[in-house]
Amino acid sequence: MSTLSEHVLEEIRELPAKYPQPRSAVMPALDLAQEEAGYLTAEAMSEVAAALKLDPGYVEGVATFYTLFHLQPIGKHRFYVCTNLSCTLRGANDIVEHVKGAIGVHEAGELSKDGLFSYEEVECLGACEYAPVMRLDHRYEKDLTNQKIDSLIAQRRNPIPSPPRGEGQGEGRKPAAPPRRRTKKSG
Amino acid sequence: MAEQRGTVGGPVLTEWFATKDLHKLDVYESLGGYSAARKVFKEMTAAQVIDEVKGSGLRGRGGADFPTATKWSFVPKDHPGPKYIVVNADESEPGSAKDRYLMENSPHMLVEGAMIASFAIGGHQAWIYIRGEYDLPYEMLRDAIAEAHAKGYLGEHPFGTDYPMDVRLYRGHGAYICGEETALLESLEGKRAQPRSRPPFPAVKGAWGMPTAVNNVETLSTVPWIIRHGGAEYAKRGTEKAKGTRMVTVSGDVQKPGNYEIEIGVTYRHVIEELAGGPYPGRTIKVFWPGGSSAKVLPGSMLDTSTDLDGLKALGTMGGSGGIIVMDDSHCVVKAAARLLRFYAFESCGKCTPCRVGGNWAVRTYERILAGEGSQIELGILERVSDGLQNGRCLCGLGDAAGWVIESTMRHFHDEYEEHSLHNVCSVEAALVNA
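Residues numbered from 1 in each chain as written. Chains lettered and ligands numbered in written order. Predicted model: local features only at pLDDT ≥ 70, side-chain atom pairs only at ≥ 80, totals over all residues.

### A word on the domain arrangement of chain A
Thinking step 1. Here the domain parsing of chain A yields domain 1 (6–65) and domain 2 (77–157).
Thinking step 2. Relative to domain 2 of chain A, the C-alpha centre of domain 1 of chain A lies at a distance of 29 Å. (Domains from an automatic or database assignment.)

### What to know about helix 6 (residues 107–121) of chain B
All names here are of chain B.
Thinking step 1. Given a rise of 1.5 Å per residue, 15 residues ought to cover 21 Å, and the 22 Å separating the end C-alpha atoms of helix 6 matches this to within 8%.
Thinking step 2. The element helix 6 is largely enclosed, with a buried count of 15 among its 15 residues.
Thinking step 3. Positive phi shows up at Gly122, right after helix 6, with a value of about 80°. (Helix = DSSP H or I, 4+ residues; strand = E, 2+ residues; numbered from the N terminus. Expected span 1.5 Å × (residues − 1). Buried ≥ 20, exposed ≤ 12 C-beta atoms within 10 Å, placed from the backbone.)

### Thoughts on the sheet that holds strand 3 (residues 166–171) of chain B
All names here are of chain B.
Thinking step 1. Reading across the sheet, the 4 strands line up as 3-2-1-4 and stay open at both edges, with parallel pairing between neighbours. The open sheet has two edge strands, strand 3 and strand 4 (212–216), and neither has a second partner. Across the sheet, the axes of successive neighbouring strands diverge by a mean angle of 25°, strand direction being ignored.
Thinking step 2. The pairing of strand 1 (residues 84–89) with strand 4 spans 5 bridges and is classified as parallel. Each bridged residue has a counterpart across the sheet, and for Val86 the counterpart in strand 4 is Val214. (Pairing = 2+ DSSP bridges. Axes fitted to C-alpha atoms, helices over the stretch in contact; angles between N-to-C directions.)

### Notes on the nonpolar core
Thinking step 1. In this structure, Val87(B) and Phe288(B) are the most contacted members of the largest nonpolar core, which totals 181 residues.
Thinking step 2. Here Phe288(B) is in contact with Tyr268(B), Ile272(B), Val297(B), Leu298(B), Ile324(B), Ile325(B), Val326(B) and Met327(B), once residues within four sequence places are set aside. (Core = buried A, V, L, I, M, F, W, Y, C linked by C-beta atoms within 7 Å. Contact = placed C-beta atoms within 7 Å.)

### Observations regarding the sheet that holds strand 3 (residues 134–136) of chain A
One key point about sheets: their strands pair by backbone hydrogen bonds, in either a parallel or an antiparallel sense.
All names here are of chain A.
Thinking step 1. With mixed pairing, 4 strands are arranged side by side in an open sheet as 2-1-3-4. Single-partner strands in this sheet number two, and they are strand 2 (117–122) and strand 4 (139–141). The sheet shows a mean angle of 25° between the axes of neighbouring strands, taken without regard to direction.
Thinking step 2. Strand direction decides the pairing type here: strand 1 (residues 77–82) and strand 2, joined by 6 bridges, are parallel. Of the residues in strand 2, the one forming a bridge with Phe79 is Tyr119.
Thinking step 3. Sheet strands in contact with helix 6 (residues 92–103) are strand 1 and strand 2, and its direction is about 160° off that of strand 1.

Quick look at the structure:
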């Protein structure tokens, strides 16, 4: 019995034909596998390898190279919080601390008790003008504040159906800068 | 210092950005979009396209600053098999967000640019390699490509011609190194993204072993304008040798962080103080990274430096990918450098020894210094590691960039390094606490 469902495996088997060489299908295939279980198990990677006629070690080698492939359970909603320089200058470390407290975890990768949340610190997300930023559920959350984090968590704990948000198009930077935060000195 | 010719014309890339729904094909087209591709496919030869772009003086905006037309002309004309344009949309340079901004506002501009570039090298397929975190730009490009197919601009007979053209998307999965063009090609081929030894260069043996030109998002997004208005018109903008306009992202300690299109040759003072609103009241700019975290830092006293690309090279730094990171006097340079070294060490692909080992040496040394365990020895280690990462000792530019962060911050802010290493003092924090 396989870990991946037959329709996913079928989709994976069709991928190689879409590329000039079949090997390019490995990342899209791992994507599909990860989407199904939320993360990649050794079995799932072997099944991907078999479906693509590749060596399981090769597929695992690819999966372990890229940060968006997860080899451990990650929770339904993952906070990818940028702490590179531009975000750190605008308070990203405080944001990380707040996220940890709000979802009740002590370290990156740890699942919240309800299994809904986890976080990790990531490198530059390419939205430095909106620092501090994070990626959550395939969207960027910008100009983060503790209040914004709280409301994002609350919405996910008690979801209410909402229309898809439009963003990005023709969007200009508002002249007003977000309130300034500093890492507080203790002691 | 290069002459500054001032603003001679309006914006190029952001010309239509105030228009609502620019991401939709009919809106883009109503303003003149796809007229350049139509002209190229119906009326021009590949050589004419390359000449026009050559006349514009356009240089690559991904960081390497290489003349675009020259890069295209390296792709062999008589190659019998497929040839590819690969679009580097893996924007990951700390401080740089301009490619995301361009794709989110005007995805068709990139699609059109990729079509024209493909035509110029005699290729029929362009691959946009976009970083995995860019969900929204990916979706917008996917929709734009579908629209272009539906309209017949992509497919077997673009604009009624017999020149088949397709633009495809490939998603990255989180690795800074994929911004390096040969690592990107490896990734596109379904491998671990480790840079290749050169030669052979991608123009000869690139994606899937075929001749390939790898171009940045902003570079290709500029091309339709050049075709519409002529290379000579574009060349009126900018400095004598570094022509045109470019996007910059200003981030960090400024009041109006954002993406701005500037004419090359304006000063950093203009960009940081006029466009980005300058520092917060009561603060002064201590240091800035003029072109992404990989560009050697310049101290705040050099704000009058021109954005001229050649002038920056003469100063030993670069305009890079246009990511201007500004830091004011309330932040510590040693801590900032330590953070960036953590980044370079983490993102090292591990293929070449100086980068794999050097980055971690630097990180551990910074950790000792910031833990109050520094000494003259640590400063010596940083200097040696910095040297060991530079000057062609690494397979690609990632190692050099890591070395430049150490070298340039130590050169301009040696006092802060000595305070931390020898006396375990951070005068920046002390000032904040006492304020």
